[in-house]
Amino acid sequence: MPKLILSMDGLVLKEIVLSKERTSIGRKPVNDIQIDNLSISGQHAVITRILGDAFLEDLNSTNGTYVNGQPVKKHALSNNDVIELGKYRIKYLVDTATLGVSATELVDTAALKPFEVGTVNPAEPLPVGTSTVRTRSGQPMGTASTSLGNLLEHLGVIQVLTGVNAGQELELSKPVTTLGKPGYQVAVITRREKGYFITHAEGQVHPLVNGKELDAQARKLDEHDIIEMAGIKMEFFLRSGT
């Protein structure tokens, strides 16, 4: 079933499944998707589903509705279209079952090269992204409680724990790191002043953190949290001296 990913400034805010025939977007609480911001009109736009297609219509909003950077009044949505409402972005995704994507095709979209975390075949090698990859030294990385001063001196790292790829690492050096395959399963890790936060972005199956499924809210990552995507476990920790 098609879904929408609502975000602002690269931070995923909400995931909405398009289960209704008509989904309204606007500032007023009566809308199916309420965006409480003055740049959004009370009734800004609507998405109508007809059989397998979805159509976006601007409801004469004050600031207009854009798709992939172009102003629209009516628009037939395609997979991966990005609807723009002021500072807000809404990505349209079709049913992942129609995309033919397997769990072994997960990639690190932030690095733009494969950092595959979805393979469950121990005989398959793990392609590594352009981010720095190292083997963990085994030295203690500190405690789960890290002050803001210490955080600025630490860099978040994800280490693959399971399979033949155990020991490979991805440094979270960018403000936003995206793990996964668009249209199948995507998690976003953001680096903020108060630490690193993980958010489920795409996919019917949500990633697990310490065995618990992520919801639509961002979750702060603590030292040695275990992230699981497509059956592969990864550990988050902080590396000092970077």
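In case you missed it, the structure is sitting above this.
Anyway, here's the lowdown on the structure attached to this text. (Residues numbered from 1 in each chain as written. Predicted model: local features only at pLDDT ≥ 70, side-chain atom pairs only at ≥ 80, totals over all residues. Heavy atoms only, no water.)

The next point concerns the sheet that holds strand β21 (residues 226-229). The six strands lie next to each other as β14-β13-β22-β21-β18-β19, forming an open sheet whose pairing is antiparallel. A strand with exactly one partner marks an edge of an open sheet, and here the two such strands are β14 (169-171) and β19 (212-213). The sheet contact formed by strand β13 (residues 154-160) and β14 spans three bridges and is antiparallel. Across the sheet, the residue bridging to Q159 is E169, located in β14. (Pairing = 2+ DSSP bridges. Helix = DSSP H or I, 4+ residues; strand = E, 2+ residues; numbered from the N terminus.)

In this section: unusual backbone geometry. Only a minority of non-glycine residues have a phi that is not negative, and only a minority of peptide bonds are not trans. Unlike most non-glycine residues, N60 shows phi in positive territory, near 55 degrees. In this structure, N60 sits in the loop between β6 (53-58) and β7 (65-67). Here N68, not a glycine, exhibits a phi torsion of approximately 55 degrees, which is positive. The topology assignment puts N68 in the loop between β7 and β8 (70-72).

In this section: the nonpolar core. One finds L4, I35, I47, L56 and I83 to be the most contacted residues of the largest nonpolar core, which totals 20 residues. Only β1 (3-8), β5 (45-50), β6, β10 (82-85) and β11 (88-93) provide two or more residues apiece to this core. The contacts of L56, once residues within four sequence positions are left out, are A45, V46, I47, T65, V67, V72, K73, K74, H75, L77 and I83. Counting residues in hydrophobic clusters, the runner-up holds 19 residues, among them V160, I189, V209 and I232. (Core = buried A, V, L, I, M, F, W, Y, C linked by side-chain atoms within 4.5 Å. Buried < 20%, exposed > 50% of the residue type's maximum accessible area, 1.4 Å probe, protein only. Contact = heavy atoms within 4.5 Å.)

Attention shifts here to the sheet that holds β10. Strand order across the open sheet formed by six strands is β2-β1-β11-β10-β7-β8, with antiparallel pairing between neighbours. Each edge of the open sheet is held by one strand with a lone partner, namely β2 (11-17) and β8. Across the sheet, the mean angle from the axis of one strand to that of its neighbour is 30 degrees, orientation sign disregarded. Here β1 pairs with β2 via six bridges, running antiparallel. Residue L6 lies in a different strand from β2, and its bridge partner there is K14. (Axes fitted to C-alpha atoms, helices over the stretch in contact; angles between N-to-C directions.)

Scanning the model with the defined rule gives eight salt bridges in all. Notably, a salt bridge pairs K73 with D58, separated by 3.5 Å at the nearest N-O pair. You can see K73 sitting in the loop between β8 and β9 (74-76) and its partner D58 sitting in strand β6, a full 15 residues away along the chain. K73 sits in the exposed class, given a relative accessible area of 52%. Overall, the relative accessible area of 5% leaves D58 in the buried class. In this structure, the salt-bridge partner of E171 is R239, at a minimum N-O distance of 3.1 Å. Of the two residues, E171 is situated in strand β14 and R239 in strand β22 (residues 232-240); the sequence distance between them amounts to 68 residues. Of the two residues, E171 and R239, neither departs from the other in class, the shared state being buried. The network of salt bridges with shared partners includes E169, E171 and R239. (Salt bridge = Lys/Arg side-chain N within 4 Å of Asp/Glu carboxyl O.)

A surface patch of nonpolar side chains, about 340 Å² in accessible area, is lined by I50, L51 and F55. Overall, F55 belongs to the partly exposed group, its relative accessible area being 33%. (Patch = residues over 30% accessible without salt bridge, like charges linked within 9 Å, V, L, I, M, F, W, Y side chains within 5 Å. Areas by Shrake-Rupley, 256 points an atom, 1.4 Å probe, with all protein chains shown as cover.)

Right, let's talk about the environment of V205 for a bit. Its location among the elements puts V205 in the loop between β17 (195-202) and β18 (208-209). By relative accessible area, which is 55% here, V205 ends up exposed. Residues V205 and V186, spaced 19 residues apart in sequence, show a C-alpha to C-alpha distance of 9.5 Å. Those residues within four positions of V205 in sequence are excluded, and the remaining contacts are Q185 and H200.

Before going further, it helps to examine the side chain of R239. The class of R239 is buried, set by a relative accessible area of 11%. Within polar-contact distance, the side chain of R239 engages the side chain of E171 at 3.1 Å. (Polar contact = N/O pair within 3.5 Å; in protein donor to acceptor, adjacent residues only side chain to side chain.)

Without other data, these values stay purely geometric and don't point to any function.
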